[in-house]
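Listed here are the chains, written in short residue letters.
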Amino acid sequence: MNSPQDSSVVGSAPKVSWREALSQNAGAYVGLILPLIIIALLTIWPTVTGKDITRESIFTIMLSIALASSLNILLGYTGYVSFGHVVFFGLGGYVGFYLMAVQGWSLWPAMAMGGLAAGLLAFLLGKAILRLRGGYFALATIGVNEAMRAFINNFEPFGGPVGMTLNFQVYRDYGGAAQALRMTFYILAAITFIVILVSYFVRMSKFGLGLLAIREDEDAAEVMGVVAPSAKTWAYVLSAIFPGILGVLFFFKNGSIEPVPAFRLNFSIEMIVMVMLGGQGTVLGPILGGIGYQSLRGYLLTSPLFKNIQLAVAGVLLLVIVLFVPAGVVGWLRNRFPVLRRILQ
Amino acid sequence: MDFLFTSILDGLMLGFVYGLAAMGLTLIWGVMNVINLSHGPIISLGMFGVYLLFTFLGMNPYIALIFVALFGLLLGIVIYFVAVNRVIDAPHLSTLLATFAVAMIITGLGTAVFTASPRNVDYSLGSVTIGNATIPVTRIVAAVLSVLITAGLYLYLHRTRSGRYIRAVANNRSAAELMGVPSVRILALSFGIGTMLAALAGGLISTLFPFTILAGGTYELKSFVIGVLGGLGNPIGALFGGLILGVLEGIIPTFMPATWVPVLEFGLFVLILLVRPQGLFGAKKS
Amino acid sequence: MILQLEGVSKNFGGLRALSDVTFDLPEGQILGLIGPNGAGKTTLFNCISGVYTPTEGRVIFRGQEVTGHKPYDMAKAGMARTHQIVRPLNELTVRENVIVGSCFGREGNGLTAAGRIADEVLKFVGLDGRRDQLAGSLNVGQKKRLEMARALAARPYLLLLDEVLAGLNPSEIGHMVEIVRNIRDQGVTIIMIEHVMKAVMSVSDRLVVLDYGRQIAEGTPQVVANDPQVIEAYLGDPDLALRLMRDQARSQEST
């Protein structure tokens, strides 16, 4: 142990030279390289091959990545298990779809409103249910999703149980249906790109550090000065906005919206599985998790051997991950090869 | 007025069965703080157990329940050791996902074997008329059996050695271990009893309504609501929670469209979680 | 006065864990808080640092009433504490743990400045060799020093130390006592709960003694050491306690 006289502990904050700050920041971007390369490759691939079918399957993968990465801000960074996260996807989708189908709005402002609606719901809910910890919070999010689905089912302006349909004419404004489909893919790619950046900068920020502290020990974090109630709420809002926006895009592409697919609880759980598979609390994890889960699902659904029992096979795999690799692929690699930590964020 | 009376009576009858369905979930939560997401598929298995024994072996549904109960107990113990024991002290997410994985496995295999088409147990004991209300006897039997099973569970938890062990582990696992309670065996047993109750509830429901392999999911969600009403971790409170839910389901449609029932149910569920997480009747743990 | 307690009491259900604790703490002192196990020392810390709201009484910190404020409000106001049972943020590195203390404490530093402070503080407590290790992988003594580092990184006005010496070996105790003195010399006021009598007697300017939630004595180590009520309450063996405490008081006088 050093002699205590070595340094002053209560002096003023040390000055940081800009040169030092720059070099530290440059180092900080290393972890962003891999995620962005992957997203770029996923975006370019269907453009190069020009096959619509490839683009469709990559659309599903990219949607999964964006949703899982959003959820990761709450689940992975903050440690709160939102089982009913699909409620934001569904509500955002419904609000945007209503504006497009009934009020005649165009896609962009509708997406903005979908994100806003989801963020607002998360803000209001967060104030209340984020007081609950552990299993109680998880249960409450399930309750919220089921209540919302049941409500929309009765809400006539949104079409009640039959939902709403977009008039095919709408796509003409975007250069026809085929062109609109292509456009949604690139919009999705752009949103995914933004989600990854947000996820990364939250992870690297002071705000993100506060979230990690909450995840590890909420009471100790509060004693150290982390204002947990508001930090949690903003994490919740942030993790809800993108699913809201993506809901609008997804159902725009889909052409119709109904309560059951919009608020499917299993979809929430799939998001959690993707986050777990790749590694919760990391930026790269949900990306690998989304790719891995959707590729596997695609394989199982088409494989003659597993087609009928694909759900059971997926269950076995999930169980193996939960029991034996709880840190996910990225977490496992980080623990196994500490050298790679800077690259695998 | 008569209509309201019939609705309440109907709701009460059903409420007992709902209570039984939730009891297993809340017992497992109380003993080991695990939310068992395979609860619904196990209820479905209970339904199919009675259905198969009745349809193919011609067994009386109520006799079939005995086999279903045994099967549920063994299945639960197996699930505990395969999926839960390893992560029992890990964060909540692990047990939630582990039991959800079990749910996927059961549902996946179940759908492959039985398909998702509806079945029913074609068994009737006639009906009785009380006032203007006509009630199928199967409903009365289901309600009475639910009450008897609940009483049996109460006696078991309070009068037998292993039952007392279960309560001790629920109260404070490390203290119970210090006093020599074999906690892993008790946890496995509790999980087994929890799934046994779920399977029994499924078996009884199969004598009342048509069902599919996915039907358990509805009752799992109802069980969450009931569990929170009666106090998660309080198995006997679940019976009262079930009655409240049953009566609500009976009354609400008399003054608003039945489709609003789940809105109110889940709204109430979230509200109670926020205001009184220990449930309306309190529980040992909050 | 940096801290004033006026009749602070805390009930848990029917149990009275603290009753009517009253004392003033001048700036720059070390106050030792002693008493048998279960005397309510940690409960008092929790009441001061905002973890509990006192059932009765007032807490005044730097001239402001702060009774019932949240723990994070207290941290921002310039109070920091360590925990009796260490609470490291296990999956974060040692350095990140300390950065949390600096970022969210009184100064609310940005990450870069906090990193600098963290490195400094880690050196000060002798953990600089382990800064990139996960906090969960430290041993108990190291975790205690980490708790201390986190609290110091906040650059508090008042530092609450809950048994930082417990479980340390004699040479570690010596180091830790040196650290505590050094912190005080830099102008930080300290309240320390301690069971290691020799250390607390030698380092404290004043002592407050709790027994069954009541404050039974207050004063300089010499005064407290000679208080028969303290001796009787504090140890089962009054003779031994008397001898022990007098020795310590004398050794402190001579330093």
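Residues numbered from 1 in each chain as written. Chains lettered and ligands numbered in written order. Predicted model: local features only at pLDDT ≥ 70, side-chain atom pairs only at ≥ 80, totals over all residues. Heavy atoms only, no water.

S.K.: Mind laying out the overall build of chain A, listing which residues take part and the relevant values?
M.R.: Of the regular secondary structure elements, chain A holds 15 helices and 2 strands. Taking 20 Å as the expected radius of gyration for a compact globule of 345 residues, we find that chain A reaches 22 Å, a close match to that expectation. Overall, the C-alpha framework of chain A stretches about 75 × 45 × 45 Å when taken along its three principal axes. Surface summary for chain A: the accessible area is close to 13700 Å², and the carbon and sulfur share equals 67%. Of the charged side chains in chain A, 22 are positive and 14 negative; the average position of the first set lies 7 Å away from that of the second. (Helix = DSSP H or I, 4+ residues; strand = E, 2+ residues; numbered from the N terminus. Rg over C-alpha atoms; globule rule 2.2 N^0.38 Å. Areas by Shrake-Rupley, 256 points an atom, 1.4 Å probe, with all protein chains shown as cover. Lys, Arg positive; Asp, Glu negative; His and termini not counted. Charge placed at Lys NZ, Arg CZ, Asp CG, Glu CD.)

S.K.: Residues and numbers for the overall build of chain C, please.
M.R.: Assigned secondary structure in chain C consists of 10 helices and 10 strands. Taking 2.2 N^0.38 as the reference for a compact globule, 255 residues should give roughly 18 Å; the C-alpha atoms of chain C span a radius of gyration of 18 Å, in line with that estimate. Its C-alpha atoms give chain C principal-axis dimensions of about 55 × 40 × 30 Å. By residue count, 56% of the 255 residues in chain C fall in the buried class. Taking the intrachain contacts of chain C between residues at least 6 apart in sequence as the baseline, contacts between residues at least 24 apart amount to 65%. For chain C, the accessible surface area stands at approximately 9800 Å², while carbon and sulfur atoms represent 47% of it. Averaged over its 28 positive side-chain charges, chain C has a centre that lies 4 Å from the centre of its 30 negative ones. (Buried < 20%, exposed > 50% of the residue type's maximum accessible area, 1.4 Å probe, protein only. Contact = heavy atoms within 4.5 Å.)

S.K.: Can you tell me about unusual backbone geometry, naming the residues and giving the values?
M.R.: Look at N33 of chain B: it is not a glycine, yet its phi comes out positive at around 60 degrees. With respect to the helices and strands, N33 of chain B occurs in the loop between α1 (2–32) and α2 (39–57). The class of N33 of chain B is partly exposed, set by a relative accessible area of 32%. For R155 of chain C, which is not a glycine, the phi torsion comes out positive at approximately 45 degrees.

S.K.: Quick rundown of the pattern of salt bridges? Include the residues and the values.
M.R.: Residue and element names in this part refer to chain A. Counted by the stated rule, this structure contains 30 salt bridges over all chains. In this structure, the salt-bridge partner of E56 is K253, at a minimum N-O distance of 2.7 Å. Pair noted here: E56 is in helix α3 (residues 52–78) and K253 is in helix α10 (residues 228–254), with a separation of 197 residues, a long-range link. Residue classification places E56 among the partly exposed positions, given a relative accessible area of 28%. The partner of K232 in a salt bridge is E218, with the nearest N and O atoms 2.8 Å apart. Taken together, the positions of K232 in helix α10 and E218 in helix α9 (residues 218–223) put the pair 14 residues apart, joining distant regions of the chain. E218 carries the same exposure label as K232, and that label is buried. (Salt bridge = Lys/Arg side-chain N within 4 Å of Asp/Glu carboxyl O.)

S.K.: Which residues make up the interface of chain C and chain A, and what values go with them?
M.R.: Across the boundary between the two partners, chain C contributes 45 residues, which contact 36 residues of chain A. Summed over both partners, the interface of chain C with chain A comes to about 3700 Å²; 64% of that surface belongs to carbon and sulfur atoms. Together, Y72, F104 and R116 of chain C form the three largest contributors to the area buried by chain C at its contact with chain A, with a combined 18%. At the surface where chain C touches chain A, the tally comes to 2 salt bridges. Two residues, R87 of chain C and D217 of chain A, come together in a salt bridge whose shortest N-O distance is 2.8 Å. Applying the counting rule to chain C against chain A returns 8 residue pairs in polar contact (both at pLDDT 80 or more). (Buried area = accessible area lost by both parts, 1.4 Å probe. Polar contact = N/O pair within 3.5 Å; in protein donor to acceptor, adjacent residues only side chain to side chain.)

S.K.: Which residues make up the pairing of strand β8 (residues 189–193) of chain C, and what are the values?
M.R.: All names here are of chain C. Burial within β8 is extensive, with 5 of its 5 residues counted as buried. Two strands pair when backbone bridges link them, and strand β3 (residues 30–34) and β8 are joined in this way by 4 bridges, in the parallel orientation. Its bridge partner being in β8, I30 is matched across the sheet by I190. The pairing of strand β7 (residues 158–162) with β8 spans 5 bridges and is classified as parallel. Counted as the bridge partner of L161 is M192 from β8. Regarding the hand of the β-α-β motif, the stretch spanning β7, helix α6 (residues 170–185) and β8 is right-handed. (Pairing = 2+ DSSP bridges. Right-handed = clockwise from strand over helix to strand, strands pointing away.)

S.K.: Go over the domain arrangement of chain C, please, and point to the residues and values.
M.R.: Residues and elements named next belong to chain C. Here chain C is described as being made up of domain 1 (1–78 + 160–196 + 203–217) and domain 2 (81–156). Taken together, the contact pairs 23 residues of domain 1 with 15 residues of domain 2. For the pairing of domain 1 and domain 2, the buried interface totals around 1700 Å² over both sides, and the portion due to carbon and sulfur atoms is 60%. Of all residues in domain 1, K76, D162 and I179 give up the largest surface area on contact with domain 2, accounting jointly for 26% of the area buried on that side. Viewed at the interface, domain 2 and domain 1 are joined by 1 salt bridge. Here R81 makes a salt bridge to D162, at a shortest N to O gap of 4.0 Å. (Domains from an automatic or database assignment.)

S.K.: How would you summarise the interface of chain B and chain A if you had to cite specific residues and measurements?
M.R.: Contact with chain B, which involves 36 residues of that partner, is made by 39 residues of chain A. Here chain B and chain A share an interface that buries about 3400 Å² over both sides, 83% of which is from carbon and sulfur atoms. Scanning the region where chain B abuts chain A turns up 0 salt bridges. Seen at the junction of chain B and chain A, the total is 2 residue pairs in polar contact (both at pLDDT 80 or more). Of all the secondary structure elements, the ones that give two or more residues to the side of chain B that touches chain A are α3 (61–84), α4 (92–114), α9 (216–230) and α11 (261–275) of chain B. Element by element, the count of residues in the side of chain B that touches chain A is highest for α4 of chain B, at 14 residues. Residue composition of the side of chain B that touches chain A, grouped by class: 28 nonpolar, 7 polar and 1 charged. (Nonpolar A, V, L, I, M, F, W, Y, C, P; charged D, E, K, R; others polar.)

S.K.: I'd like a description of the environment of L264 of chain B, backed by residues and values.
M.R.: Residues and elements named next belong to chain B. Within the secondary structure, L264 is located in helix α11. Residue L264 is classed as partly exposed on the basis of its relative accessible area of 37%. The spatial distance from the C-alpha of L264 to the C-alpha of R159 is 39 Å, given a sequence separation of 105 residues.

S.K.: Explain α9 of chain B residue by residue, including any values.
M.R.: Residue pairs spaced three or four apart in an α-helix point in one direction, given the helix's 3.6 residues per turn. Residue and element names in this part refer to chain B. The end-to-end C-alpha separation of α9 is 20 Å, in line with the 21 Å expected for 15 residues at 1.5 Å each. Of all 15 residues making up α9, 13 are buried, and the element is well covered by its neighbours. Of the residues one or two after α9, G231 is the one with positive phi, at around 100 degrees. (Expected span 1.5 Å × (residues − 1).)

S.K.: Could you give me a rundown of the pairing of strand β10 (residues 214–219) of chain C, with the residues and numbers involved?
M.R.: All names here are of chain C. As defined by bridge partners, strand β9 (residues 206–211) adjoins β10 across 5 bridges and the pair is classed as antiparallel. Bridged to L207 within β10 is G219. Counted between consecutive antiparallel strands, the loop separating β9 from β10 contains 2 residues, among which Y212 sits at a positive phi close to 50 degrees.

S.K.: Let's hear about the packing of helix α2 (residues 30–49) of chain A against helix α7 (residues 177–204) of chain A: which residues, and what values?
M.R.: Residues and elements named next belong to chain A. Contact geometry of α2 with α7 gives a least axis separation of 11 Å together with a crossing angle of 175 degrees. As the angle between them shows, α2 and α7 are arranged roughly antiparallel. Note on element contacts: α7 touches α2 through F185, Y186, A189, T192, F193, I196, L197, Y200 and F201, opposite V30, G31, L32, P35, L36, I39, L42, T43, P46 and T47. For the contact of α2 with α7, the residue count by class is 15 nonpolar, 4 polar and no charged. (Axes fitted to C-alpha atoms, helices over the stretch in contact; angles between N-to-C directions. Parallel < 35°, antiparallel > 145°, perpendicular 65-115°, else oblique.)

S.K.: So, the arrangement of the chains: which residues are in play, and what are the values?
M.R.: Considering every one of the 2 pairs of chains in contact, the largest contact total is recorded for chains A and C. Spatially, chain B and chain C are disjoint, and the shortest separation between their C-alpha atoms is 13 Å.

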